[in-house]
Amino acid sequence: MSVQHIMVIGAGQMGSGIAQVCAMAGYSVVLQDVKKEQIDKGIAIITKNLARQVEKGRMAEEDMNDTLARITPVLTIQSAAEADLVIEAAVERMDIKKQIFAQLDEIAPARTILASNTSSLPITEIAAATKRPEQVIGMHFMNPVPVMKLVEIIRGLATTDEVYETIEEVTKQIGKVPVEVNDFPGFVSNRILLPMINEAIYTLYEGVATKEAIDEVMKLGMNHPMGPLTLADFIGLDTCLYIMEVLHEGLGDSKYRPCPLLRKYVKAGWLGKKTGRGFYVYE
């Protein structure tokens, strides 16, 4: 399968990052979102990222302009009719993803591969919303996309070898490292990371130590670049809660039960850096 035209659905932090790395690799990219302000914000983030590369001497200004020229912002999903590969990076909710994939199945040509950047939801269930489950696959990028090298590639129950090999090649072309993962809740990355974050929240909840102390222990003792509570704020506490609920429901083990303090913060609207307050306060 040949991939030249890529469509990215969702112009948020993840979607704009995916669009950027695909365009930098020479692919023609359509970046779609239902909100114009979100697309404008996404393009502004991409432009800022590339300009920083030019300032540091890592990219020529001409290459920056060429990269931006390869990205076409659109408000309608109809552009999937021209895509060889669609990468969905919408909100992490199964009902929304199923709705998007059902629409894509109607619009995109039979040859088009449909990929989801889901961080925890079953690819097989997403694929069931289409009539082409063999061409649905998971591409779980890490945040921030332009910096992080890993892409978890998740086969659904019906995903063909040809589709997997195509996505593996695209992943290498955009400068990432593909790692094959089976379709289990949370895959590998979040099945390990989120219970660690949840346990750190329990440690705070039970009064074992202050938030600063918990983060310092993990940074200095385990050589983590940032502490788990700071990381939770960066991920978004609502996202952390949602992934823990997916793990708890999907694996049925009480060890994945979300900490009550995490639920309380989410109900309070303290979602982390994006709202200005989570475990820490952000100006």
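Residues numbered from 1 in each chain as written. Predicted model: local features only at pLDDT ≥ 70, side-chain atom pairs only at ≥ 80, totals over all residues. Heavy atoms only, no water.

**Brief notes about the overall build of the protein chain**
Each helix and strand in the protein chain was counted, giving 11 helices and eight strands. Relative to its length of 283 residues, the protein chain is compact, with a C-alpha radius of gyration of 19 Å against a globular reference of 19 Å. On the principal axes, the C-alpha backbone points of the protein chain span a range of 55 × 45 × 30 Å. For the protein chain, the proportion of its 283 residues judged to be buried stands at 48%. Within the protein chain, residue pairs in contact and separated by at least 24 positions form 66% of the contacts whose partners lie at least 6 positions apart. (Helix = DSSP H or I, 4+ residues; strand = E, 2+ residues; numbered from the N terminus. Rg over C-alpha atoms; globule rule 2.2 N^0.38 Å. Buried < 20%, exposed > 50% of the residue type's maximum accessible area, 1.4 Å probe, protein only. Contact = heavy atoms within 4.5 Å.)

**Brief notes about the pairing of strand E1 (residues 5-9)**
Burial analysis of E1 places four of its five residues in the buried class, which makes it a mostly covered element. Here E1 pairs with strand E2 (residues 28-32) via five bridges, running parallel. Across the sheet, residue His5 finds its bridge partner in E2, namely Ser28. With respect to chirality, the unit in which E1 leads through helix H1 (residues 13-24) into the neighbouring parallel E2 is right-handed. Summarising the sheet, E1 and strand E4 (residues 85-88) pair through four bridges and their orientation is parallel. Opposite Ile9, over in E4, you have Glu88 as the bridge partner. (Pairing = 2+ DSSP bridges. Right-handed = clockwise from strand over helix to strand, strands pointing away.)

**As for the packing of helix H7 (residues 189-205) against helix H8 (residues 211-222)**
Interaxial distance between H7 and H8 falls to 9 Å at its minimum, and their mutual angle equals 140 degrees. In terms of orientation, H7 and H8 fall into the oblique class. Crossing of H7 against H8: the hand is right-handed. Contacts between H7 and H8 pair Met196, Ala200, Thr203 and Leu204 from the former with Lys211, Ile214 and Met218 from the latter. Per-class residue counts for the contact of H7 with H8 are five nonpolar, one polar and one charged. (Axes fitted to C-alpha atoms, helices over the stretch in contact; angles between N-to-C directions. Parallel < 35°, antiparallel > 145°, perpendicular 65-115°, else oblique. Left-handed = near helix turned anticlockwise from the far one by under 90°. Nonpolar A, V, L, I, M, F, W, Y, C, P; charged D, E, K, R; others polar.)

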